[in-house]
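Listed below are the residues making up each chain.
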Amino acid sequence: MLTKFETKSNRVKGLSFHSKRPWILSSLHSGVIQLWDYRMGTLIDRFDEHDGPVRGVHFHESQPLFVSGGDDYKIKVWNYKTRRCLFTLLGHLDYIRTVQFHDEYPWIVSSSDDQTIRIWNWQSRTCISVLTGHNHYVMCASFHPKEDLVVSASLDQTVRVWDIGALRKKTVSPAVDILRLSQMNTDLFGGVDAVVKYVLEGHDRGVNWASFHPNLPLIVSGADDRQVKLWRMNDTKAWEVDTLRGHMNNVSCVMFHAKQDIIVSNSEDKSIRIWDATKRTTVQTFRREHDRFWILSAHPEMNLLAAGHDSGMIVFKLERERPAFSVSGDCLYYAKDHFLRFYEFSLQKDNQVIPIRRPGSVSLNLGPRTLSFSPTENAILICFDIDGGSYELYIVSKDNNVRADLVQDAKRGAGGSAVFVARNRFAVLDKTSNQVVVKNLKNEIVKKSPLPISTDAIFYAGTGNLLCRAEDRVVIFDLQQRLILGELQVPAVKYIVWSSDMETVALLSKHAIVIANKKLVHHCTLHETIRVKSGAWDENGIFIYTTLNHIKYCLPNGDSGIIRTLDVPIYLTKVSSKNIFCLDRNGKNQVITIDATEYIFKLALLRKRYDHVMSMIRNSQLCGQAVISYLQQKGFPEVALHFVKDERTRFNLALESGNIQIAVASAKEIDEKDHWYRLGIEALRQGNTSIVEYAYQRTKNFERLSFLYLVTGNREKLSKMLRIAEMKNDVMGQFHNAMYLGDVQERVKILENVGHLPLAYITASTHGLAEAAERLATELGDNLPVMPEGKTRSLMLPPAPLFCGGDWPLLRVVRGIFEGGLDGFGGTDPNDDEEEEASGADWGDEDLDIVDVEGVIQDGNVAENDGGWDLEDLELPAEVETPVAAGNARASVFVAPTPGMAVSQIWIQKSSLAGEHVAAGNFDTAMHLLNRQLGINNFSPLKQMFIDLYTGSHTFLPAFVTAPFVMVALEKGWSESTSPNVRNQPALIFKFSQMDEKLKAAYRATTEGKFPEALRLFLNILHTIPLLVVDSRREVDEVKQLIEIAKEYVLGLKIEVKRKETKDDPVRQQELAAYFTNCKLQKIHMRLVLTSAMTICFKGGNHATAASFASMVLENNPTEAQAKKARRVLQACADKKDANQLNYDYRNPFVVCGASFVPIYRGQKDVSCSYCGARFLSSMQGQSCNVCEIAVIGADASGLLCSPTQVR
């Protein structure tokens, strides 16, 4: 039993599958009807108009309707699209047990505790027949799928079959006389439209359920006597065939399986039983612990069943439908209907190869689970789930004349899973001992190999390698060397798909796909909300996969999308160009043609194959919001521009890509204030003042226009703006424009006109306008303002513009591949190329001004209701010609001289040394190099060193007073005689000789017990080494030796610092002191460390450990005082034991974990820092190293590169 979906709710009494959509209705004892999507696992809707339990529910086959019947005596017909009850059918006098739509006619059949069965016409909303005859509750009633029959079951211990042929004839030809007679009979005798054909008696207790076989003249029934009975009928009679016994309580529901020869029943004994309909024996039983089962439902078209119980319902399948298959080159081997079949992709030809004998076992899921093929030996390995797992080995003849129905005696064996690992070797998983048994084609054991993780399945991973799957991870295991080649944490993997070159693998889980390389280094993860079913790689390295209802793609960077939707699930076998080869659930080969344009287009963008991108844009029908948003998201708005017809979207994309010309065209079409405003901002950013001016004019934004003329030094147009403001009677506008122009007389005049005489007087007298000042003084009389004395006056005049001109000057640049190259596609004139290239190249020719404000004043056309400025005489033009950004002034284009290559660029041209890249100022590439070579990812401690190294490799020469300093790169070994064309390596401020001094200082601090200072010095050495450059191989070895020394001291000092912090745990103090002795130190320091550990352990009562340290002290040439102390400890500790158990064993070799400070004994799995080599517990993989503080533990790094000799 394969559970696909499960719900938790009140007791489920009724169930119905939708014929087309992945929906199921469940009616609850609480009166609620739930509509579930069993594929997505979500509740879509709930309907709760019934009062009391709802025992029956059923979907219509083709209409958006369902019917329900409840304990409130009501039958309700619902429309699930409008989410409401359409009408209620009243007539039953007691609880309604079941309801069902007829497949063909507009009928509903219902059964009730009022001992009747009613047939209703849901179109006319009337009861058209009442079937009476049962003398107890009628528990169920249902139509025959093909004939004019109804079967019913009742607690009167009978099953009745009713003939409703007359009712059908009346519906097809409703003559008036027949209708009248029928109505009379219905009123008098209860109707003759339906008559009892058979009464089936045989159950000893009340019958709960009866149902027809979909094709054969059989009926199955289940009753409170705990029996399932099988009945056969012909035209004249019906009789009992057999009784199926096994249920321990009342049988609730029973039915025939639509596609298999089995009967499914469930019961109040909390079990579902599967019976063989021909042998009439139990095949399988599924039990629940606490829940009684009440109802069963089968999907009308798919291999799905549902069962309702006390606390919800389950949707399940009885058998897996995925065919076992294996692809090899142009061939597909797959299992179907107990035969091994062979399919050639190129010829699309299908052949039967050999029969596969089905093992003699009465159980479901007996089909092959996996299939493995060895092309050189033509051997097939088929795995089954029977008896905990078994396999069969077949050798397929290469001779085509051999009969395909000839049964071959296969070689068999037990094993969880089996796959070929070499030409004539296959591996079998033995789960009990967690080992792999390698066998030859004679089924003889060649060797056994224990597996590194608790494995529940194995897959092929290249010759001699296995991919082992555990619950939460997978590993690639080399069977020959018994080594783990790669490991990856991943949710439970179901299937794996290798690319054709075996470089990439897709790991398929239930709801996720993980893409990794052949060493299981993670590339990307995709999450799906519905189940992932299969996948295959295409020739471009794109992974194509299927879910339950889609074919989708995944690009190498993890981007994914939908190729097409599916009606039914399929299993991909191969992808070739635009053809997808697949198997369906019936084991038939299908070829689906897809449109690969979208993902090929995205792949070309990803790989920067811009020639392909342009070709596809020109020739394909790529379009849609998804492609546009993808291009925008990936930083290609200029490409997206060519797909868009909508002007608003074009405008936004044009602004994003800086294409002012298209933005202007779109803004004209849209003609909204907000769009002109945004266009003005972008044009201003680009220095395209003519477009800015045009945008401000369209929005009549005179304040911004005035300011634009001020900053561009256009005094002539400022004067015109002053006159416009005057005509508009805009006082503030006039005043601002007068200020921008520096026109003091105009300012005095404006202030005087508005009545600000004191301000007018001060302005006139300050700026030396004596006549105006005298006239204003006379007018003011006694109110003359007092001018402050002793203050320096400053004139409010605008600064003279430095640059009077139009657009900013632009250098000629190489046009991008998408600019102009797509102009023909986008609909622009290809002859505009030259103009566009030199656009905005003018340095200030005022003849290029686009809008003549004089013309604006004289010939304008702005009405009151249009502009809202309250003007009478002044008008502006309704439509101004769109300006071109600049003239075709190629002759006036400034062409910058070609710069030579900077020395710093020459340094890094062929260098892989991080120090030289830092000296050149290329911090980014230096960090990439350090990350790749040493796994360094924390650059904070190196920041100051980067800056020092860069500034130390350059000097700065002063030039003119106003000019910036000239930077000069310092080269190693430069002399005056050196040719200017020959460049040496940079002169670096960090030298290997300095490390010797630093090491001595660190040793000194350690000897003096200044541990924090010593730790700082050793860390400084470790942080400086990655930036060193040395000249010889001998020095490279010395650098590596220095890393080892510094690492040991840093680890030891960190342990000692930790020990001093741990004051309240004496046992831990002793352990840390003991671990310090394990570090490789200088003899002088080793003696001090041993003496310290001996003292601490002696004081802590661990006499045996203290004695061992005392012995080590004496072996290390101690001083007289140290030797005397050690001998006294040995005497005092003679034959005494340790008071506390320490996690320390000096006899067993170990290294100390650099993070947790615990011993890692020989044989334990560990990981090391990619730079300093410090060792850590394997759980620390991927974390930052606590010793060197800059690298990642276990990172895949190429190693230290600090000399040009290593590169050569």
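Note that the structure is a prediction, hence the values are computed from the model and not measured.

Scoring rules and cut-offs
Every residue gets a number counted from 1 within its own chain, in the order that chain's sequence is written. The predicted nature of this model means local features are confined to residues of pLDDT at least 70 and side-chain atom pairs, given and counted, to a pLDDT of 80 or more, with totals for whole chains, interfaces and linings taken over all residues. Each side-chain value is derived from all of the structure's non-hydrogen atoms; neither hydrogens nor water enter the calculation. Salt bridges are identified by distance alone: a Lys or Arg side-chain nitrogen within 4 Å of an Asp or Glu carboxyl oxygen. Here an axis means a line fitted to C-alpha atoms, over the contact stretch when the element is a helix, while the angle between two N-to-C directions is reported on a 0 to 180 degree scale. Here a strand is any run of E in DSSP of at least two residues, a helix any run of H or I of at least four, and the numbering for each starts at the N terminus. Each angle is binned into one of four classes, with values under 35 degrees roughly parallel, values over 145 roughly antiparallel, values of 65 to 115 roughly perpendicular, and all other values oblique. Each crossing gets its hand from how the near helix is turned against the far one by less than a right angle, where anticlockwise is left-handed and clockwise is right-handed. Contacts are assigned to residue pairs that have any heavy atoms within 4.5 Å of one another. Within the patch definition used here, like charges are joined within 9 Å and nonpolar side chains (Val, Leu, Ile, Met, Phe, Trp, Tyr) within 5 Å, considering only residues with over 30% relative accessible area and no salt bridge. Accessibility throughout is a Shrake-Rupley quantity obtained with a 1.4 Å probe, and a residue counts as covered only by protein chains that appear here. Here the positive residues are Lys and Arg and the negative ones are Asp and Glu; neither His nor the chain ends is included. By convention, charge coordinates are those of NZ in Lys, CZ in Arg, CG in Asp, or CD in Glu. Between any two strands, at least two bridges found by DSSP are needed for them to pair. Aromatic pairing here means that ring centres of Phe, Tyr or Trp (its six-membered ring) are within 6.5 Å. Orientation follows from the plane angle: under 30 degrees is stacked, over 60 is edge-to-face, and everything else is tilted. Partly exposed residues are those whose accessible area sits between 20% and 50% of the maximum for their type, while under 20% is buried and over 50% is exposed, using a 1.4 Å probe and protein chains only. Gly is placed with the polar residues, together with every amino acid not listed as nonpolar (Ala, Val, Leu, Ile, Met, Phe, Trp, Tyr, Cys and Pro) or charged (Asp, Glu, Lys and Arg). Only buried Ala, Val, Leu, Ile, Met, Phe, Trp, Tyr and Cys residues count toward a nonpolar core, and they belong to the same one when joined by side-chain atoms within 4.5 Å.

Visitor: Give me the lowdown on the pattern of salt bridges, citing residues and values where you can.
Guide: Scanning the model with the defined rule gives 44 salt bridges in all. Look at the salt bridges and you will find they share partners, linking Glu6, Arg288 and Asp291 into a network.

Visitor: Please give an account of the packing of helix α29 (residues 1083–1099) against helix α30 (residues 1103–1115) that cites residues and values.
Guide: At a closest axis distance of 8 Å, the pairing of α29 and α30 adopts a crossing angle of 160 degrees. Here α30 runs roughly antiparallel to α29, going by the angle between their axes. Like other packed secondary-structure pairs, α29 and α30 cross with a definite hand, here left-handed. Contact residues: Leu1090, Thr1091, Ala1093, Met1094, Cys1097 and Phe1098 in α29; His1103, Thr1105, Ala1106, Phe1109, Ala1110, Met1112 and Val1113 in α30.

Visitor: Lay out a positive patch on the surface with the relevant residues and their values.
Guide: On the surface, Lys1099, Lys1124, Lys1125 and Arg1128 cluster together into a patch of positive charge. For the positive patch, the element with the most residues is helix α31 (residues 1120–1132), which contributes three residues. As for its position among the elements, Lys1124 is in helix α31.

Visitor: Tell me about the sheet that holds strand β41 (residues 457–460), and name the residues and values.
Guide: One open sheet holds the four strands; their spatial order is β41-β42-β43-β44, and the pairing between them is antiparallel. Edge positions in the sheet fall to β41 and β44 (483–489), since each has one partner strand and no second. For this sheet, the mean angle separating the axes of adjacent strands, direction not counted, is 25 degrees. When strand β42 (residues 465–469) meets strand β43 (residues 473–478), the two strands line up antiparallel, connected through five bridges. Bridging across to β43, Cys468 finds its partner in Val475.

Visitor: Give a detailed account of the packing of aromatic side chains, specifying residues and quantitative values.
Guide: Evaluated as defined, the whole model comprises 33 aromatic pairs. A centroid spacing of 5.7 Å and a plane angle of 85 degrees characterise the contact between Phe17 and Tyr38, whose relative ring orientation is edge-to-face. Pair noted here: Phe17 is in strand β2 (residues 12–17) and Tyr38 is in the loop between β4 (33–37) and β5 (42–47), with a separation of 21 residues, a long-range link. Take Tyr38: its relative accessible area is 7%, and that puts it in the buried class. Pairing Trp107 with Phe143 gives two aromatic rings, centres 6.3 Å apart and planes at 35 degrees, and the pair type is tilted. With Trp107 in strand β11 (residues 107–112) and Phe143 in strand β14 (residues 138–143), this pair connects stretches of sequence that are 36 residues apart. Of the two residues, Trp107 and Phe143, neither departs from the other in class, the shared state being buried. Linked through ring pairs, Trp23, Phe47, Phe59, Phe66, Trp78 and Tyr80 together constitute an aromatic cluster.

Visitor: Break down the pairing of strand β22 (residues 251–256) for me, citing the residues and quoting the values.
Guide: β22 sits mainly inside the fold: six of its six residues count as buried. Bridging between β22 and strand β23 (residues 262–267) involves five bridges; their strand directions are antiparallel. Across the sheet, Met255 pairs through a bridge with Val264, a residue of β23. Following β22, the chain reverses through five residues before pairing antiparallel with β23.

Visitor: Go over helix α10 (residues 689–698) with me, naming the residues and quoting the values.
Guide: Counting buried positions over the ten residues of α10 gives ten, a clear majority of the element. Where the residues of α10 are buried, they touch α8 (660–670), α9 (673–686), α11 (702–711) and α12 (715–728).

Visitor: Can you break down the pairing of strand β38 (residues 425–430) residue by residue, with the values?
Guide: Here four bridges tie strand β37 (residues 418–422) to β38, and the two strands are oriented antiparallel to one another. Paired with Ala422 across the two strands is Arg425, which belongs to β38. Hairpin geometry of β37 and β38 is characterised by an intervening segment of two residues between the two adjacent antiparallel strands. Two strands pair when backbone bridges link them, and β38 and strand β39 (residues 435–440) are joined in this way by six bridges, in the antiparallel orientation. Within β39, the position partnered with Phe426 by the bridge is Lys439. Counting the residues between successive antiparallel strands, the hairpin from β38 to β39 contains four residues, one of them, Asn434, with a positive phi of roughly 50 degrees.

Visitor: Describe in detail the packing of helix α25 (residues 992–1007) against α29, supporting the description with residues and values.
Guide: Relative to each other, α25 and α29 sit at 25 degrees, their axes nearing to 10 Å. The angle between α25 and α29 places the two elements in the roughly parallel class. Relative to α29, α25 is oriented so that their crossing is left-handed. Judged by residue contacts, Tyr1003, Thr1006 and Thr1007 of α25 engage Ile1084, His1085 and Leu1088 from α29. Of the residues belonging to the contact of α25 with α29, the class tally is three nonpolar, three polar and no charged.

Visitor: Requested: an account of the nonpolar core, with residues and values cited.
Guide: Judged by nonpolar contacts, the single largest core of 95 residues is most densely connected at Leu930, Phe1018, Ile1055, Tyr1171, Cys1172, Phe1176 and Cys1188. A total of ten residues in this core trace back to one element, the largest contributor, which is helix α27 (residues 1033–1061). If we ignore the near neighbours within four places in the chain, the residues touching Phe1018 are Leu999, Ala1002, Tyr1003, Thr1006, Ala1046, Tyr1049, Val1050 and Leu1053. Residues Phe5, Ala153, Trp275 and Leu296 belong to the second largest nonpolar core, which totals 56 residues.

Visitor: Quick rundown of the sheet that holds strand β12 (residues 116–121)? Include the residues and the values.
Guide: Strand pairing in a sheet takes place through backbone hydrogen bonds and is either antiparallel or parallel in direction. A sheet is described by the order of its strands in space; here four strands give the open sequence β10-β11-β12-β13, paired in antiparallel fashion. Strands at the two margins of the open sheet, each flanked by one partner only, are β10 (96–101) and β13 (126–132). Going across the sheet, the axis of each strand differs from the next one's by a mean of 20 degrees, ignoring polarity. Sheet topology note: the β10/β11 ladder contains five bridges and is antiparallel. Its bridge partner lying in β11, Ile96 is registered against Ser112.

Visitor: An account of the side chain of Asn549 is needed here, citing residue identities and associated values.
Guide: With respect to the helices, strands and loops of the structure, Asn549 is situated in the loop between β50 (543–547) and β51 (550–554). Those residues within four positions of Asn549 in sequence are excluded, and the remaining contacts are Arg39, Ile530, Thr565 and Leu566.

Visitor: I'd like to hear about helix α15 (residues 757–766), residue by residue, with values.
Guide: Those residues of α15 that fall on the buried side of the exposure criterion are Leu757, Ala760, Tyr761, Thr763, Ala764 and Thr766. Turning to α15, the residues buried within the fold contact α14 (744–753) and α16 (770–780). A positive backbone phi angle near 80 degrees is found at Gly768, which sits one or two residues after α15.

Visitor: I'd like to hear about the side chain of Thr763, residue by residue, with values.
Guide: Summarising the element assignment, Thr763 is placed in helix α15. For Thr763, a relative accessible area of 10% corresponds to the buried category. Beyond its immediate stretch of four places on either side in the chain, Thr763 contacts Val744, Arg747, Val748 and Leu751.

Visitor: Explain a nonpolar patch on the surface residue by residue, including any values.
Guide: A cluster of nonpolar side chains, contributed by Phe956, Phe965 and Met967, occupies part of the molecular surface with about 330 Å² of accessible area. If you trace the backbone, Phe956 turns up in strand β56 (residues 954–957). Look at Phe956 and you get partly exposed, because its relative accessible area is 42%.

So, to be careful, I would describe these as geometric facts and stop short of saying anything about function.
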